[in-house]
Amino acid sequence: MKKLLVLTGLAALVAFAGSAFAMDDMRAKMIEKAKKEGEFVVAGSNAAEFRDRLKGFRKAYPWLKVKAFDANTSATVNRVVTEAKAGKLTIDMVGVDESGTESLAQKGLLKGYDYPHMKDMIGNTQPRHGLYVDGFMNPRVQGIYNTDLVKPNDVPRNWDDMTSAKYKGLVLLSRSSEEFPSRMAWLWGSTDNLNWEKSFDFFTRMVKNQKPAIGRGYAGGTKRVAAGDVGIFWFPALGTYSKLKAKGAPVEMIAFPKFPMTFRSFAIMKDAPNPAGSWLLIDYLMSPEGQYEYTDVVSAKVVVNKNAKSGKLAKILVEGGATEKNAALVEPDTAAKIYTPAVLKKSEDFFFKLLGIK
């Protein structure tokens, strides 16, 4: 028996070493290819920061020129689709929400690759088809608030609190949150039976009781909370929040179980002109070093590499309760089946009608 265990252990060790060697060999080949390409174009909401702020990546590959197209998920996807149809693709890699990468995957515009660090990812965070990688978890907590305008005893503790009329005149809601009725319908229902009735009732009561101000996007709304223009911002994105809080702004997070957790995803185009540099950037972002640096200087996200430490922006999320434990995590393949175009349209139509947006 001991001999069998030793042989089994040796076989596993050899297999692991062989896998590690294969990944090192692949990285070496990508480096040589990237040297010939010399540059690549990354598109997405953090594109310029990939170019300008990832010092670890720049130090590793100083000869590689990173070009950036800074845009949100929708604009990035639309540009890729338009360029692909015209046969003039200029974008090599995208870094967008997983809804965007899944859309591009379904359109047949992505090419899957192997990456050295994928064995270290938290379970249920990666798509089984392998056409993109989910690099970071994005907590979509219930809200943020200004601590000068909303006192501790008045902070909402549950979903019913969030619809209270006592917040009338204090609240901001972004029109960009149009997918949230569908996310709540899943949260209060099931994968096969979305609870639209409860979700629609929740948002109807919120809007009726509070008459929220309506904004666009998330960064501007977060800045308004920090400045004291509004007291509460429901369903914010947390990138701007964490940076303002790190500078001492009077803002705190509302994060009670369970809230949706989405992903920040990275993918290489099937017909990318310069795929090798893109591969190297994704390889870096999925590494412990890249996960730390991204969450330290680029954006507040939750790391997915089990061996990675959280940077200062991510620590703000964790300290505020925006953790994997408190989230309603849906693995990517299941999410794609839930949030179909028909479901998202139903959510958007209801939300925009409720807010009086045509």
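Computed from a prediction, not measured in an experiment: that's the story for all the values here.

Caption draft 1: A look at the packing of aromatic side chains. As enumerated under the stated definition, the model contains 21 aromatic pairs in all. Members of the aromatic cluster, each reached through a chain of ring pairs, are Trp-159, Phe-180, Trp-188, Phe-202, Phe-203, Phe-235, Phe-256, Phe-351 and Phe-352.

Caption draft 2: Here's a closer look at the pattern of salt bridges. Per the counting criterion, the structure on display carries 19 salt bridges. Across the salt bridge formed by Glu-179 and Arg-140, the nearest N and O atoms sit 3.7 Å from each other. Here Glu-179, found in the loop between strand E7 (171–174) and helix H6 (180–187), pairs with Arg-140, found in the loop between strand E5 (133–139) and strand E6 (143–146); they are 39 residues apart in sequence, far enough to count as distant. Pair check on accessibility: Glu-179 and Arg-140 agree, each one buried.

Caption draft 3: Examining helix H5 (residues 98–106) more closely. Buried residues of H5: Glu-98, Gly-100, Thr-101, Glu-102, Leu-104 and Ala-105, and no others. Once H5 finishes, Gly-108 follows within two positions and takes phi at roughly 75 degrees, a positive value.

Caption draft 4: Broad picture of the side chain of Ser-177. Within the secondary structure, Ser-177 is located in the loop between E7 and H6. Residue classification places Ser-177 among the buried residues on the basis of a relative accessible area of 1%. With residues near it in sequence (within four places) discarded, Ser-177 still touches Tyr-218, Phe-235 and Phe-351.

Reading the values: rules and limits
Residues numbered from 1 in each chain as written. Predicted model: local features only at pLDDT ≥ 70, side-chain atom pairs only at ≥ 80, totals over all residues. Heavy atoms only, no water. Phe/Tyr/Trp six-rings, centres within 6.5 Å; stacked < 30°, edge-to-face > 60°. Salt bridge = Lys/Arg side-chain N within 4 Å of Asp/Glu carboxyl O. Helix = DSSP H or I, 4+ residues; strand = E, 2+ residues; numbered from the N terminus. Buried < 20%, exposed > 50% of the residue type's maximum accessible area, 1.4 Å probe, protein only. Contact = heavy atoms within 4.5 Å.

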